[in-house]
Amino acid sequence: MGVADAVIGVVAIARGLGIRAGAGFIPMTSIVLVAGAVGGVAFAWLAVNRFWWMLLALFALRPTLDGLSPKGSAGGGLEPSTVVGGMFLLAAIAWLVVQYRSGAWTKLSRSSLAFLIFGGVAVVSSIGAPLPITSLESASKLLSVAVMLAVLEQIFAVHPERIKPLLIATFASFVVPALVGYVQLRGSKPAQTYNAVDVGRVEGTFVHANAFASYLVIIIVLAVALAPYVTGRWRRSLGVIAVAALPLLLFTYARGAWVALYVALLVVGLAQSKWLVIGLLAGALVVVFTVPSVSARLGDLSQKKSTTAGVNDPNSLSWRVGYWGRVLPLGKQNPITGIGFDMVQHTTPEKLPPHNSFVQAFVETGIVGLASFLALVVAMWADLRAAARRRRGFGRGMTLATAAVGLTLFTQLFSENLLGQPVILWYFLAPLAWVIASPVSAVPRRRSLTPAAV
């Protein structure tokens, strides 16, 4: 059996298990045990023998792993996503050491260096945390995202053509969450009430509807922004993906993701096609006036009262602002390195994360962490700006797509907990690493996404 056959087999098994778990057909304990045994062996073998194939499998399967975790879980312990993240971090560090000692090392970008510093600060902050093991576990996930960026930069500097199979793996990762999402949409029961309208929020394989929404935004923006640079079946495939993802995003009822997508597609439309801008304006009006639950969700912003705990809160924006005010004073406990990464939800009576990445960076990693986080944002902006000046053809499309996705994430930094969601950040880092690290002439103006031989 070849490497490709082995990877395809593991992907098929994990996808099947993910669909059945998300739909509730098989007990979660059985799913986790079977998936853990099969996936653990396959992952270990790939990490040692075929590192690149391991990365492709990770990108294709990562959203499915969250579907194998018990609902309501905080993402720790021996859950599949945590175990795989830890194994990847160890394998990736070993791989980077080999690259450095063999002389194949490529200078890291400003974004990679800034991300590694921020990840390191998060790890240091866990030393003085009330729950150091829990904090270290969460900080290691953030560090693994930084390491992923460094790994992809090393790969794309030498093999820029590998962005094509990685993009295919990225879009393939949408299959299981989409199937589970539509199953949930068809059989969902009202779980929340917005302005007297009962709705059920679609979560897909994710632990929360907001996380699913953030992921869908990335998939949609990548599909729309790259479509003009491919032809034939690949353009049709990207169109199908975008069309399939939009209803799911709509019924997550995540207003922050809605705004992020609208702004990003507006930027893409201004850069590529005025018809996309016109379609956005018309589509927004149609949805607001024809889908009562959407207009009700938007109307909740006018409500003044909100619940204390932030659960099933009609005016979650009002609640977030109040919660930030209660969380910020925690930073006075240790203003230099913070109270420990991921510790806000273990400290406040609400038992919820900050819902603002800047607030989280200050409170949990201190002034040092906030400064390094701001430096990371600036470094990514500078690297993207430099790339936009020199890219043409497919490279220009990739740069525009990456910038648009980055804009969606930046918009959501003010209201979501993105620093604790590596599954979201991974799908931004893949195109970012290629845009930053690959040679300018790496991908000529070919309108194809045929996987490269690897």
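Residues numbered from 1 in each chain as written. Predicted model: local features only at pLDDT ≥ 70, side-chain atom pairs only at ≥ 80, totals over all residues. Heavy atoms only, no water.

Attention shifts here to the overall build of the protein. Helices and strands together make up the secondary structure of the protein, namely 17 helices and two strands. Taken across its 454 residues, the protein has 52% of its residues classed as buried. Of all intrachain contacts in the protein linking residues separated by at least 6 positions in sequence, the fraction that spans at least 24 positions is 75%. Carbon and sulfur atoms make up 69% of the accessible area of the protein, which totals about 19,300 Å². (Helix = DSSP H or I, 4+ residues; strand = E, 2+ residues; numbered from the N terminus. Buried < 20%, exposed > 50% of the residue type's maximum accessible area, 1.4 Å probe, protein only. Contact = heavy atoms within 4.5 Å. Areas by Shrake-Rupley, 256 points an atom, 1.4 Å probe, with all protein chains shown as cover.)

So, on to a nonpolar patch on the surface. Together, Val259, Val263 and Val267 give the surface a local cluster of nonpolar side chains, amounting to about 200 Å² of exposed area. By the element assignment, Val263 lies in helix H11 (residues 255-272). Relative accessible area serves as the criterion here: at 31%, Val263 is assigned to the partly exposed category. (Patch = residues over 30% accessible without salt bridge, like charges linked within 9 Å, V, L, I, M, F, W, Y side chains within 5 Å. Salt bridge = Lys/Arg side-chain N within 4 Å of Asp/Glu carboxyl O.)

This brings us to the packing of aromatic side chains. With the rule as written, the count across this model stands at 16 aromatic pairs. Look at Phe358 and Phe373: their rings are 5.3 Å apart centre to centre, the planes differ by 55°, and that puts the pair in the tilted class. Among the residues examined, Phe358 registers a relative accessible area of 16% and is labelled buried. One aromatic cluster in this structure is built from Phe59, Phe88, Phe206, Phe212, Tyr215, Trp426 and Tyr427. (Phe/Tyr/Trp six-rings, centres within 6.5 Å; stacked < 30°, edge-to-face > 60°.)

On to the nonpolar core. Ranked by internal contacts, the top residues of the largest apolar core, which has 108 residues, are Leu55 and Phe115. Per element, the largest residue contribution to this core is 14 residues, and it comes from helix H9 (residues 209-226). Setting aside its immediate chain neighbours within four residues, Phe115 contacts Leu142, Val145, Ala146, Leu149, Leu376, Met380, Leu425 and Leu429. Ranked by size, the runner-up nonpolar core spans twelve residues in total, among them Trp319, Trp324, Val327 and Ile339. (Core = buried A, V, L, I, M, F, W, Y, C linked by side-chain atoms within 4.5 Å.)

A few words on the pattern of salt bridges. Scanning all chains against the criterion turns up three salt bridges. One salt bridge connects Arg320 with Glu416, and the closest N-O pair in it is separated by 3.6 Å. Here Arg320 is found in helix H14 (residues 316-327), whereas its partner Glu416 is found in the loop between helix H16 (394-412) and helix H17 (422-437), with 96 residues between them in sequence. According to the relative accessible area criterion, Arg320 is buried, its value standing at 9%.

This part is about the confidence of the model for the protein. Detail in the predicted coordinates should be disregarded across regions flagged by low pLDDT. Taken over all residues, the pLDDT of the protein has a mean of 80, while the share at 70 or more is 73%. The secondary-structure element of the protein with the lowest mean pLDDT is strand E1 (residues 192-194), recorded at 47, while helix H5 (residues 110-125) shows the highest, at 95. Across residues 305-312, where pLDDT falls below 50, the model places 16 contacts with residues more than four positions away in sequence or in other chains. Low pLDDT, under 50, characterises residues 444-454; the predicted model gives this stretch 26 contacts beyond four residues in sequence or across chains. (pLDDT = per-residue confidence, 0-100.)

Along its 16 residues, H5 runs 22 Å from first to last C-alpha, staying within 8% of the 22 Å computed at 1.5 Å per residue. By the burial criterion, the buried members of H5 are Ser111, Ser112, Ala114, Phe115, Phe118, Gly119, Val121, Ala122 and Ser125. In the core, the buried residues of H5 are packed alongside helix H6 (132-158), helix H15 (357-390) and H17. (Expected span 1.5 Å × (residues − 1).)

It is worth spelling out the packing of H9 against helix H10 (residues 232-250) at this point. The N-to-C vectors of H9 and H10 enclose an angle of 150°; their axes lie 9 Å apart at closest approach. Between H9 and H10, the interaxial angle falls into the category roughly antiparallel. Seen from above, H9 lies across H10 with left-handed handedness. Contact residues: Phe212, Ala213, Leu216, Val217, Ile219, Ile220, Ala223, Val224 and Leu226 in H9; Leu238, Ile241, Ala242, Ala245, Leu246, Leu248 and Leu249 in H10. Partitioning the contact of H9 with H10 into residue classes produces 16 nonpolar, no polar and no charged. (Axes fitted to C-alpha atoms, helices over the stretch in contact; angles between N-to-C directions. Parallel < 35°, antiparallel > 145°, perpendicular 65-115°, else oblique. Left-handed = near helix turned anticlockwise from the far one by under 90°. Nonpolar A, V, L, I, M, F, W, Y, C, P; charged D, E, K, R; others polar.)

Inspection of the secondary structure puts Arg62 in helix H3 (residues 51-67). Exposure remark for Arg62: the relative accessible area of 7% places this residue in the buried category.

This part covers the environment of Arg201. With respect to the element layout, Arg201 can be found in the loop between strand E2 (197-199) and H9. Residue Arg201 is classed as buried on the basis of its relative accessible area of 16%. C-alpha of Arg201 to C-alpha of Gln184: the two residues are 17 residues apart in sequence and 8.7 Å apart in space. A polar side-chain atom of Arg201 sits 2.6 Å from the main-chain carbonyl oxygen of Thr252. Side-chain polar atoms of Arg201 contact the backbone oxygen of Tyr253, separated by 3.5 Å. (Polar contact = N/O pair within 3.5 Å; in protein donor to acceptor, adjacent residues only side chain to side chain.)

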